[in-house]
Structures are given as structure tokens and as C-alpha cells.
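# Residue-level structural notes
What follows is each chain in one-letter form.
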Amino acid sequence: MSGRSSAKGAPKLPQGLMAASEMPTAEHILGVKSVGMLFSAEGEPTTGQMRAHSCSASVVESGGHNLILTAGHCAFGSNAIFVPWYRAENSVGNQQYGIYRVENWFRDPRYVRNSKGAVSDLDFAFGTLKPTNGKNVQDVVGANTLVRTPGYNNNLTMVGYPFRGSNDPEDHPVRCPVRTEALPGFYQIQALCRGMWSGVSGGPWFSKIDWATGTGEIVGNVGGYNGGGNDANVDWVTYSPMHGDWFFQLYEDAKNNRPVKRDASYQQPPLPFSLGGGDTWMHARLLASGEYTGDGKGDLIVVWTDGEVTLYTGDGQGGFAGERQLTAPNESWKDVKSLTGGDFSGGSGSDLLVVWNSGEVRILPDVGANGLGGGIKLADAGSIWSHADQIAGGNFGTANNVSDLLVRWSDGEVTNYTAVGDKGFGTEHQLQQPNDAWKQATLVTAGDFTGGANWDTLVRWSDGRVSQFQETGPGGLGNEVQMAPPQSIWTHDVVMTAGSYDSNGWPDDLIIRWSDGETTMYAHTGAQFGAERTLVQPKQK
């Protein structure tokens, strides 16, 4: 059975990147009074005829003081038992806050259990509980407030009970503070945290919680696509439906104990723009940053392996709002060796400086407005520029203009061209003589990470080291600072670019496309990498 409610075998993490990622890990806690687990019972549950718990649930406010929230794929069966603040150390009949039989389930009838389609947005359910010893559950443990999911990007805390088994033998609840993002193509949010094994399905996502009282404000619950996890059922990616109109209509039905009827088929609300998935982004071969659309927000240009070129318009908040094809797949752009953004032609928007394998070099002015076009030729095919393995545009000594060019040549030489423009490459400055060390500079980009007069150069070496050369200019590469050691996860960095993508308007946001297609942004990068945000999820295994 799919979904986070089922027991599943130990998944294998993708090699390299995610296995060593610095995502949070869920920590075990003693419990939260208003959160518990769901069992299935045959006969009297205190006699030991309890089946293993399969899902999590939380008590929510209701007039009857008897309502729980869980996932839609958990709300099946007539023998369900809710145990708030379940303690594995105690027998089922000796739980501190008692056990409560589920009387009725309330699910959206359009939901299909463990669906991978649009109706997985409806993976939420409510259950009414019978009193125990004359008391309703809310009067014993309190209740949580339900609030609409405020947006796709939130700071939340997930709580749930992993299924007891080889993956998590403790049989204690876990919590994990996370930053959520949109799940592309769905009215759902997602979060990355290791240790969210099967059994956490239905568990609440708190925007606020008072750990002393054990209650808070809930804006999500584990569920959604495939029952709340990706196709591989890994423990480190978890989904939640957005709590919107249909959620609160179901909540009203449950509070009023009325049958759930839905006449119309499910239509998804407007979804945020998505960059797509890792399967696609494994084919992103080259990246360039710039302000291409004239709105003052940083944009991203992608050259794909088939020669297609795409412009992604930035939203100024670290995300993207749209996509435009600059050219269809073609042989010419498949032959591009390197490119960079900059202000080389003096127009109102950013330009591209493109180097082909043949040695031809062109400036393509204001590509956001003009398209790619023929541009301005700076070097003919057969020129020495066929040996320009890496280029990066920036301000490397020409006032505040992004009109300089750093070049790493095939023999390890590094040069800086200041005041590159439509008349030529400007003035050349040798920063490194040919050498073997710089032959290992696999990727090079530039941004203003330190806030100085000149931009800084970022280098990913073949052994996985990442170095930042601060204040690169005609006088030299600048002070070297190591940002990642050899054999780090950065051996999986396939292509990178730096630009201004968020609200601070500064070119210090680093975008990385990894070997598994995952694409991330490190916002506000300085001498250390900034806060990581996932733009594209890894390719599904």
C-alpha cells in the first residue's frame, strides 16, 4: 500500500547529493497532548487485539468536543481507535489520556486513496470520536485551531508518529521544524526533513504551538500526492494539502455531523508557476543570470542539451513567475561552449556573451526584448576563443558596470577583460599564467558576495572544493576563501550561476543545478553559502 500510512522498506537515498544534504532530521519527543495515533482494533482494544498503528491524527476544535483531523487515506475502516499522546511504554489500556473509538469518518467523496492525480489535493479527513468514561477527547487534551494555509512558503513544525519497525524502532512521536514550498503541479506544499517515515500520515503541520499545553494552530497535515510522499517513498520529502475552501467545507460538514456531498468534479485552484521536475532539469546544460525583462527583477536563461534556450522571468522574491522560449531546439545552440550575462552593449536590459566551440564569440544585446538574433560578432570561428573553457561576466574593475569578463582558458591561464563592448574585448589583464591547478576549475561564476568595489569569483574545482576569490580585478583574483572542502557534495554541482533574484536587489544569489536534476538557490551568499531553497526537486528514482 502506498502512502505515508503504510509500512515500507528502507528506501535508498540518491547517491551523493541528498545523502549528504544538510536538511533537518526529525527529533523524537515524548509527545503532544492533542496529537496521537490511529490503531485498528478487533473487539475490545484493551484486550491486546490491537493492530499496529498506521497513521497520526490531532484533536481540532468543534462544538461536540469530539473531532480529529487526519489524512483522507487514513480515514477508512470501522474499527479505528484514536490514542492521544500515545506512550509505547504503557499498555493500550493504560494510556494517560485514554483511548477513543472513531464513530464516523468525513472524507471528500472525490478523493481517491493514495492518488497521484489532482484529487490528491483532497487528502484530508475528519473523524468524530465516541466519549470514553463519559468524557469527550477535547475536554481531556484540549484542541487545536484550524487556519487556512497562508501560502506556499511557510515556517512550520511537523509532528507525527512513525510506524514502529526497522526504520524507526523507538515508537515515539517526532517533530521537525521545516520551511515549506509549493509542490509543482498540485495545490499542496512540501518540506524536506529526514526521519518522516510511514505512520506520520495525517500528522499536523503547526504554524504555532504551545508545547506546554500541547495545542496550537494547524495549517496543514501530512498527505497529498501518493499519500504524502514521492514515488520512491523516501523518508525525507513530505507533502501536505493546502487547507483551502474544500478543506473548510469538509470541516463544517464534520462539525455539524452531516453527510458529505459534492456535486462538481474537483478543479484545482490557480497554482504557482513551476520550473518543472528533475527529469527535465537534468538536461539544463548552461545557465546565465541577468535582468532581461526590464522589470528590475533578476531572470534566468537556460540552454538545454537539445539546443533549446529558455528565459525564466524572476518574481523578485527568490522564485519565478513565467517561462518564454527564446529559440526552439537547434544544432547551433547545442554547440555553445559557455555563456554569461552582462551589460556589454549599453542597452536597457542584460545581454548575453556567448562562446561557441568553434571559437566564435558574439554579444546578443537585450535578449529579453530582442530575442537571441544574430548579435554582434567579437571573434570568428577558428579563433583562440575555442580554448575559453569557462567565462563569467561581472564588475571586475570597471566602476559599477557589469561589462567585464573573466576567462579560464584550457591551459589554466586566467585573464580579465575590462570594458567589454560592441567594439571588442576591451583591455586584457592576465591574472594567472598557464598552470595545471586552474585546469581543474570545472565551473566558474561571479557575483557580489562581499559587497566590495569589485565582484567576487566563485570556483568549483574537480575534486569538489569550492573557492571564493574576493575582490577580483585587474590586479589579481583576490583573497581566496574555501567554502567547501574536497570530496564534498559539490562534486555533484553540474552548472551554476549567480544573480539578483530576491528582494535585496543584490547579485548574491547562487543557483546550482545538481547531477540528479535538483536545482537549488543559495540566497544572500557571502563568504559562506546562504540559505538554501529548492527550486526543482531531484529526479524521481
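These lines cover the structure that appears in this document, whether it is placed above or below. (Residues numbered from 1 in each chain as written. Predicted model: local features only at pLDDT ≥ 70, side-chain atom pairs only at ≥ 80, totals over all residues. Heavy atoms only, no water.)

## Describing the nonpolar core
- Counting 48 residues, the largest nonpolar core has Val60, Leu69, Phe126, Leu146 and Met158 as the members making the most contacts within it.
- With five residues, helix H2 (residues 245-255) is the largest single contributor of residues to this core.
- With 20 residues, the next largest nonpolar core counts Ala57, Ile68, Phe82 and Val141 among its residues. (Core = buried A, V, L, I, M, F, W, Y, C linked by side-chain atoms within 4.5 Å. Buried < 20%, exposed > 50% of the residue type's maximum accessible area, 1.4 Å probe, protein only. Helix = DSSP H or I, 4+ residues; strand = E, 2+ residues; numbered from the N terminus.)

## Points about unusual backbone geometry
- The phi dihedral of Asn257 is positive, around 55 degrees, even though this residue is not glycine.
- Within the secondary structure, Asn257 is located in the loop between H2 and helix H3 (278-281).
- The phi dihedral of His524 falls on the positive side, at around 55 degrees, and the residue is not glycine.
- Structurally, His524 is set in the loop between strand S34 (519-523) and strand S35 (531-536).
- Residue classification places His524 among the partly exposed positions, given a relative accessible area of 45%.

## Re the side chain of Thr520
- Within the secondary structure, Thr520 is located in strand S34.
- Within the structure, the side chain of Thr520 is placed 2.9 Å from the side chain of Trp514, a separation counted as a polar contact.
- The contact partners of Thr520, leaving out residues within four places of it in the chain, are Leu510, Ile511, Ile512, Trp514, Glu532, Arg533, Thr534 and Leu535. (Polar contact = N/O pair within 3.5 Å; in protein donor to acceptor, adjacent residues only side chain to side chain. Contact = heavy atoms within 4.5 Å.)

## Thoughts on the sheet that holds strand S18 (residues 309-314)
- Taking strand neighbours across the sheet as the criterion, the four strands line up as S16-S17-S18-S19 in an open arrangement whose pairing is antiparallel. Edge strands, defined here as strands with exactly one partner in the open sheet, are strand S16 (284-290) and strand S19 (320-327). The sheet shows a mean angle of 20 degrees between the axes of neighbouring strands, direction not considered.
- Sheet topology note: the strand S17 (residues 299-304)/S18 ladder contains four bridges and is antiparallel. Paired with Val302 across the two strands is Thr310, which belongs to S18. (Pairing = 2+ DSSP bridges. Axes fitted to C-alpha atoms, helices over the stretch in contact; angles between N-to-C directions.)

## Concerning the state of the cysteines
- Per the counting criterion, the structure on display carries two disulfides.
- Paired by a disulfide, Cys55 and Cys74 hold their sulfur atoms 2.0 Å apart. Between Cys55 and Cys74, the S-S torsion sits near -80 degrees, and that sign places the bridge as left-handed. You can see Cys55 sitting in strand S3 (residues 55-60) and its partner Cys74 sitting in the loop between strand S4 (67-70) and strand S5 (80-84), a full 19 residues away along the chain.
- With a sulfur-sulfur separation of 2.1 Å, Cys176 is cross-linked through a disulfide to Cys193. A torsion of 105 degrees about the S-S bond marks the disulfide between Cys176 and Cys193 as right-handed. Of the two residues, Cys176 is situated in strand S10 (residues 174-179) and Cys193 in the loop between strand S12 (188-192) and strand S13 (204-210); the sequence distance between them amounts to 17 residues.
- In this structure Cys193 comes out as buried when scored by relative accessible area, which is 0%.
- When the cysteines of the protein chain that form disulfides are numbered from the N-terminus onward, they connect as 1-2, 3-4. (Disulfide = S-S within 2.5 Å.)

## Describing H2
- Among the residues making up H2, those that are buried are Phe247, Phe248, Leu250, Tyr251, Asp253 and Ala254.
- Check the buried side of H2 and you find it contacts S3, S4, strand S6 (100-107), strand S7 (125-129), strand S8 (145-146) and strand S14 (215-221).
- Taken from the residues just after H2, Asn257 is the one with a positive phi, measuring 55 degrees.

## Here's the deal with the side chain of Thr445
- Along the chain, the position of Thr445 falls in strand S28 (residues 441-447).
- Of the polar contacts made by the side chain of Thr445, one reaches the backbone nitrogen of Ala498; its length is 3.4 Å.
- Apart from residues no more than four positions distant in its own chain, Thr445 is found in contact with Ala392, Asp456, Thr457, Leu458, Met496, Thr497, Ala498 and Leu510.

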